[in-house]
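An overview of the molecular structure
The lines below spell out each chain.
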Amino acid sequence: MWQALKDFFSFSRKDLRGIYVLLVILSLLLLFRIFSPFYFTNPEPDFTEFDRMVLALEKAERAVREKEMAEAKAAVPAFNRPDREIAEIKLNPFPFDPNQMTEESWLKLGLNMRQIRNIQNFTGSGGSFRKPEDFKRMYSISDEEYSILEPFIVIAESEKYSEKKEYKKSAYKPYDSLAPPAKSNIIVNINTADSVELIKVRGIGPVFARRILKYRELLGGFHSPGQLLEVYGLDSARYEMIVNSFIFDQSSLRTIDVNTAEVKDLTAHPYIDFYLAKSIVDQRVKKGVYQSDAELYAIPLMHDALYQKVVPYFKFN
C-alpha cells in the first residue's frame, strides 16, 4: 500500500520541470498584482457631463410637475357640467329675454328639460331676471353655457319696474310689497335664527325663510354673505335688500373632521363632489393626517374659489 502511494505522488523529471515553471509564472503574476498600483495609475472617471444631464432631466421633470399642478389648480372641476366645446355644440344662441321665453323657445336655444324646469320653477314662484347676472345664478346653467349666452341676453324693463325707478323721491324699493309694512331693518344671526326671526327681516317671507333654513342645514351654516345668492330663487335685488340684516357667525358652523371623515361623509356637503372627496381621503392615507388647511390647498382639485368656500367647514383634530 505504501508503495502504491509513493508511486502515485512521485513525479518524473519532466513533470517537476513543468511544476517549477508554473510556480515561477504564478509568483510573477502575484508580484505584478501587488506592485502594479505603484507604477500604473488609473485616471478618475469624469462624471461632469453625466451629472449635468441628470440635473437637466430633474429640472425638466420638476417644470412639468409644476405646470400640471398649476393647470389643475386653475381648472374648475365641473364633472357633471359640459365644457365649453360641448356647450358650443349644444347651444344655438339668439337674442332672448329670459323673462319671456317659452318652453319651446328654451329648447330652440339648446337647453335641456332639466334646465328648463329649473328656470320655470324660478319664474313660477315669482322670481324674475333683472339683469344678465341673475341668469348666471341658475344652478343648472354652467359657467361655460352662461359665457356663451350672456351676449345674447336682452332683458326688457317692465312697466311696473320702470314706475319704481321713476319714483326716485320715494323710499319704495323692489320687493317692498313682499314684506309687511310693520317690518323693520333688524339684525339677526343667520346661523341661529329660526323661521320666525327670519320673516321679521324686510324682504323675507315664509317661502324664502324655509329655503334659507333648508340650505343652511345642507351647508352646516353660512360663513359669508355671498352664500345667500346660492339660495334657490334669491336674486341680486333681494340680496341687496336683506344682506345687511344678517350676522355671519363662523363659530356656529357645523364642521367636518377632515382626518376621520370618509368619502360619503365629505360628499354630503354640497360643495364637495365625489372626486374631491376621494382626493382628500387618498392624500390623507398616503401622507398622514392633515395638520392645517394649507395641506388641503395642495390637492390638485382644490382651486382657489372652492378652497375659500369649503375650508371654513373643516376642522383638524
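Residues numbered from 1 in each chain as written. Predicted model: local features only at pLDDT ≥ 70, side-chain atom pairs only at ≥ 80, totals over all residues. Heavy atoms only, no water.

Regarding the overall build of the chain
Note the cut-off: Strands are runs of DSSP state E lasting at least two residues, helices are runs of H or I lasting at least four, and both sets are numbered from the N terminus onward. The contact rule is simple, with two residues in contact once any of their heavy atoms fall within 4.5 Å. Only the protein chains shown count as covering a residue, and every accessible area follows the Shrake-Rupley method with a 1.4 Å probe.
Scanning the chain for helices and strands turns up 16 helices and four strands. Sequence separation of at least 24 residues holds for 56% of the intrachain contacts in the chain that already meet a minimum separation of 6. When the accessible surface of the chain is split by element, carbon and sulfur atoms take 58% of a total near 21100 Å².

Some thoughts on helix α6 (residues 113–124)
The condition that has to hold: Every helix has an expected span of 1.5 Å times one less than the residues it contains. The rule is simple: take the accessible area with a 1.4 Å probe, protein chains only, and divide by the maximum for that residue type; under 20% is buried, over 50% is exposed, in between is partly exposed. Here the arc refers to the set of directions running from the helix axis out to each C-beta atom. Whenever two N or O atoms come within 3.5 Å, that pair is a polar contact, provided that in protein one can donate a hydrogen and the other can accept it, and provided that, for residues adjacent in sequence, both atoms are side-chain atoms.
Here α6 contains twelve residues, and its C-alpha end-to-end distance of 16 Å stays within 8% of the 16 Å for a straight helix at 1.5 Å per residue. By the burial criterion, the buried members of α6 are Q115, I116, N118, I119 and F122. Considered in projection along α6, the buried side chains sweep an arc of 160 degrees and stay on one side of the axis. In α6, the exposed positions that point more than 90 degrees away from the buried face belong to R114 and G124. The N-cap of α6, judged by a side-chain oxygen 3.2 Å from the amide nitrogen of R114 a few residues on, is N112. One or two steps after α6, the chain reaches G126, where phi turns positive at roughly 100 degrees.

Considerations on the pattern of salt bridges
Heads up, the rule is: Here, a salt bridge means any side-chain nitrogen of Lys or Arg that lies within 4 Å of a carboxyl oxygen of Asp or Glu.
Within the structure shown, the criterion is met by six salt bridges. The salt bridge involving E217 is made with R254; its shortest N-O contact spans 3.7 Å. In this pair, E217 is assigned in helix α11 (residues 206–219) and R254 in the loop between β2 (246–247) and β3 (256–257), connecting sequence segments 37 residues apart. By relative accessible area, which is 42% here, R254 ends up partly exposed. Across the pair E262 and R284 runs a salt bridge, and its minimum N-O distance is 3.9 Å. Of the two residues, E262 sits in the loop between β3 and α13 (263–267) while R284 sits in helix α14 (residues 274–287), which places them 22 residues apart along the sequence. What makes E262 partly exposed here is its relative accessible area of 41%.

Thoughts on α14
Between the first and last C-alpha of α14 there are 20 Å, a value that for 14 residues agrees with the 20 Å anticipated at 1.5 Å per step. Those residues of α14 that sit buried are L276, A277, S279, I280, V281 and R284. In this structure, the buried residues of α14 make contact with α13, α15 (293–297), α16 (304–310) and β4 (314–315). Downstream of α14 by one or two residues, G288 has phi in the positive range, about 100 degrees.

Remarks on a nonpolar patch on the surface
Cut-off, in case you're wondering: What goes into a patch is any residue over 30% in relative accessible area without a salt bridge, connected to like charges within 9 Å or, for nonpolar side chains (Val, Leu, Ile, Met, Phe, Trp, Tyr), within 5 Å.
Nonpolar side chains collect at one region of the surface, where L16, I19, Y20, V21, L22, L23, I25, L26 and L29 lie side by side and expose about 830 Å² of accessible area between them. Relative to the elements of secondary structure, L22 occurs in helix α2 (residues 13–39).

As for the side chain of S140
By the element assignment, S140 lies in the loop between α7 (132–136) and α8 (143–149). Separated by 3.0 Å, the side chains of S140 and N118 make a polar contact.

Concerning the packing of aromatic side chains
Filter applied, for reference: Two rings belonging to Phe, Tyr or Trp (six-membered ring only in the last case) form a pair when the distance between their centres is within 6.5 Å. Interplanar angles under 30 degrees mark stacking, angles over 60 mark edge-to-face geometry, and anything in between is tilted. Lysine NZ or arginine CZ positioned within 6 Å of the ring centre and within 35 degrees of the ring normal marks a charge as sitting over the ring.
Taken as a whole and assessed by the stated rule, the structure comprises ten aromatic pairs. For the ring pair Y271 and Y313, a centre distance of 6.2 Å and an interplane angle of 65 degrees mean the geometry is edge-to-face. You can see Y271 sitting in the loop between α13 and α14 and its partner Y313 sitting in the loop between α16 and β4, a full 42 residues away along the chain. Considering the side-chain rings of F274 and Y275, the 5.6 Å spacing of their centres and the 80 degrees angle between planes classify their relative orientation as edge-to-face. Taken together, the ring pairs in this structure connect F96, W106, F122, F129 and F135 into an aromatic cluster. Geometry around Y271 places K309 over its ring, the cationic atom sitting 4.4 Å from the centre.

Some words on the confidence of the model for the chain
We apply this condition: pLDDT is a per-residue confidence score from the predictor, ranging from 0 to 100.
Overall, the prediction assigns the chain a mean pLDDT of 79, with 79% of residues at 70 or greater. Taken as a whole, residues 75–82 scores under 50 in pLDDT and shows 14 contacts with residues more than four places along the chain or in a different chain. The low-confidence segment residues 159–182 (pLDDT under 50) makes 21 contacts with residues lying over four places distant or belonging to another chain.

Focus on the environment of M138
Tracing the chain through its elements places M138 in the loop between α7 and α8. Residues M138 and N118, spaced 20 residues apart in sequence, show a C-alpha to C-alpha distance of 7.7 Å.

Focus: the side chain of D134
Residue placement: D134 occurs in helix α7. Within the structure, the side chain of D134 is placed 3.0 Å from the backbone nitrogen of R130, a separation counted as a polar contact. Contacts of D134, omitting those with residues within four sequence positions, involve S128, F129, D235 and S236.

Looking at the nonpolar core
This is how it is decided: Among buried residues, the Ala, Val, Leu, Ile, Met, Phe, Trp, Tyr and Cys ones that are joined through side-chain atoms within 4.5 Å form a nonpolar core.
Of all hydrophobic cores here, the largest spans 43 residues; its most connected members are I204, F222, L228, F246, L266, I280 and F314. Breaking this core down by element, the ones donating at least two residues are α11, α12 (236–242), α14 and α16. Take this core: its biggest share by element is five residues, from α11. Once you skip the residues sitting within four places of it in the chain, F246 turns out to touch V188, I190, L198, V201, I204 and L228. Counting residues in hydrophobic clusters, the runner-up holds 18 residues, among them W106, I119, F122 and Y146.

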